[in-house]
Amino acid sequence: MPPPAPEPLLSVDGLRVSFPRAAHADVEAVRGIGFEVSAGEVFALVGESGAGKSLTARALLGMAPRAAAVSGRVLLRGAPVTPADLGRRLARIPQDALSALSPVHRVEDQLALAVRSVQGLGRREARAAARRALADTGLAPEAATAYPHALSGGMRQRAVIALALVNGPDLVVADEPTTALDPERQEHVLTLLRERCAVAGAALLLVSHDLEAVRRHADRVAVLYAGRIVELGPAARVLEHPVAPYTRALLASLPTAGLPRRSRLPVLAGAPPVPGATDEGCAFAPRCPCATALCRREDPGPRTVDGRRVACHHPLGEAA
Ligand SMILES: Nc1ncnc2c1ncn2[C@@H]1O[C@H](COP(=O)(O)OP(=O)(O)OP(=O)(O)O)[C@@H](O)[C@H]1O
Ligand code: SF4
Ligand SMILES: [Mg+2]
């Protein structure tokens with residue numbers, strides 16, 4: 001008998017996020033998402049604006065908007081995630097580094113404080129740990145002892161990476177961590193983030209618009225459309241040979257190489273569905289060149305095609 005599969009680091013099952021609407025049915029923005037992340041893995045969430053990437057990331061961090069109703073199961077190493085896990089087992093890297101840093105404390109002091117409160121170390125040891133973490137991201141000592149507003153965007157993002165990793169989390173959740181940076185710095189910071197997570201043994205859940213960066217940096221990717229995962233598998237295979245028509249359309253919507261990366265946001269013909277308006281059939285049917293009557297009638301369930309999970313009645317490359 002084969003040995004039992006190791007328990008996943010993160011297990012998300014049937015995750016739903018909805019917003020109550022007066023006198024109408026709730027608007028479901030995340031509609032039953034499930035995936036697993038292994039220890040040390042880089043797992044990416046991609047999809048058009050409004051697909052539900054950030055809500056998924058926020059819900060699993062326990063940071064969904066107050067108005068949202070969240071259901072489903074999120075387990076980290078087999079145990080439910082609690083608010084106390086944030087900054088300990090779970091760390092977050094936001095889009096805007098300034099929002100993660102206190103404006104009134106020097107960067108090094110903030111890290112030392114985080115170390116003291118989580119690990120209970122004394123002042124001297126905590127400061128040494130903070131200095132090490134900041135130096136590991138390549139931040140010069142004079143930048144480490146500066147206030148956040150005195151740093152460039154790239155330096156701030158390094159400080160935020162150090163802050164996220166200083167207490168040895170199991171999982172780092174980064175939602176568009178480089179979009180505030182200029183294109184040249186984006187690749188540096190993403191490479192640094194991936195490397196530091198690997199050294200620290202932390203898995204990375206990366207939300208990104210940049211499919212090319214995801215192809216380079218992620219082990220696996222989940223492609224979201226209208227609050228559902230439509231394709232999930234190895235990043236290189238999914239983004240080079242997609243089997244879901246939506247993934248193909250997303251890739252085809254990218255302007256060709258040579259343009260600045262910031263302008264390479266996917267834009268597809270037709271509008272994504274309004275959340276809550278996708279009750280019958282496949283949500284992508286109105287925009288899908290492969291749609292049939294079956295697609296308009298029945299929501300496709302997940303199936304395995306060519307080593308990935310796909311939610312589509314007519315995966316590409318499969319006989320009709
Ligand atoms: N606080 C909220 N109240 C009502 N609807 C919300 C709220 N937050 C998000 N939504 C809706 O949920 C859907 C998914 O939002 P989400 O922020 O997860 O998208 P996203 O995939 O991260 O998009 P982007 O790429 O633009 O960041 C959107 O239609 C959005 O309008
Ligand atoms: S189920 Fe049908 S409409 Fe939906 S993506 Fe597949 S082929 Fe297109
Ligand atoms: Mg978002």
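Each remark here, short or long, concerns the structure printed above.
Please read all numbers here as calculations on a predicted model, not as lab measurements. (Residues numbered from 1 in each chain as written. Chains lettered and ligands numbered in written order. Predicted model: local features only at pLDDT ≥ 70, side-chain atom pairs only at ≥ 80, totals over all residues. Heavy atoms only, no water.)

Colleague: So what exactly am I meant to see when it comes to the packing of helix H3 (residues 107-119) against helix H6 (residues 153-165) here?
Modeller: Relative orientation and spacing of two packed helices are given, respectively, by the angle between their axes and the distance between those axes. The geometry of H3 relative to H6 is characterised by a closest axis approach of 9 Å and an angle of 15° between their N-to-C directions. When the interaxial angle is binned, H3 and H6 end up roughly parallel. Of the two possible hands of crossing, H3 and H6 adopt the one that is right-handed. Residue-level inspection shows Val 107, Gln 110, Leu 111 and Ala 114 of H3 in contact with H6, the latter providing Ala 159, Ala 162 and Leu 163. The class makeup of the residues in the contact of H3 with H6 is six nonpolar, one polar and no charged. (Axes fitted to C-alpha atoms, helices over the stretch in contact; angles between N-to-C directions. Helix = DSSP H or I, 4+ residues; strand = E, 2+ residues; numbered from the N terminus. Parallel < 35°, antiparallel > 145°, perpendicular 65-115°, else oblique. Left-handed = near helix turned anticlockwise from the far one by under 90°. Contact = heavy atoms within 4.5 Å. Nonpolar A, V, L, I, M, F, W, Y, C, P; charged D, E, K, R; others polar.)

Colleague: Help me understand H3, please; the structure alone is not making it clear to me.
Modeller: Residues spaced three or four apart along an α-helix face the same direction, because each turn holds 3.6 residues. The end-to-end C-alpha separation of H3 is 18 Å, in line with the 18 Å expected for 13 residues at 1.5 Å each. The set of residues buried in H3 consists of Val 107, Glu 108, Gln 110, Leu 111, Ala 112, Ala 114 and Val 115. Phi turns positive, to about 70°, at Gly 120, one or two residues after H3. (Expected span 1.5 Å × (residues − 1). Buried < 20%, exposed > 50% of the residue type's maximum accessible area, 1.4 Å probe, protein only.)

Colleague: Is there a simple way to think about the site of ligand 1 in this case?
Modeller: The full set close to ligand 1 counts 13 residues, and Ser 49, Gly 50, Lys 53, Ser 54 and Leu 55 are the nearest of them. Here an oxygen atom of ligand 1 and a side-chain polar atom of His 209 are 3.1 Å apart. In the complex, 63% of the free accessible area of ligand 1, which totals 640 Å², lies under the protein chains. Among the residues forming the shell around ligand 1, the class breakdown is six nonpolar, five polar and two charged. (Near = heavy atom within 4 Å. Polar contact = N/O pair within 3.5 Å; in protein donor to acceptor, adjacent residues only side chain to side chain. Areas by Shrake-Rupley, 256 points an atom, 1.4 Å probe, with all protein chains shown as cover.)

Colleague: What's the story with the packing of aromatic side chains in this structure? I'm lost.
Modeller: The geometry of an aromatic ring pair comes down to the distance between the two centres and the angle between the two planes. Scanning the model with the defined rule gives four aromatic pairs in all. Relative to Phe 43, the ring of Phe 35 lies with its centre 4.9 Å away and its plane at 10°, an arrangement referred to as stacked. You'll find Phe 35 and Phe 43 in the same group, each marked buried. Pairing Tyr 246 with Phe 284 gives two aromatic rings, centres 5.1 Å apart and planes at 80°, and the pair type is edge-to-face. (Phe/Tyr/Trp six-rings, centres within 6.5 Å; stacked < 30°, edge-to-face > 60°.)

Colleague: What exactly am I supposed to notice about the sheet that holds strand E9 (residues 220-225) here?
Modeller: Working definition: the strands of a sheet are paired by backbone hydrogen bonds and lie parallel or antiparallel to each other. Ordered in space as E6-E7-E8-E3-E9-E10-E12-E11, the eight strands form an open sheet in which the pairing is mixed. The open sheet has two edge strands with one neighbour each: strand E6 (90-93) and strand E11 (302-305). Across this sheet, the average inter-strand angle for adjacent strands is 20°, counted without regard to direction. Across four bridges, the pairing between E11 and strand E12 (residues 308-311) is antiparallel. (Pairing = 2+ DSSP bridges.)

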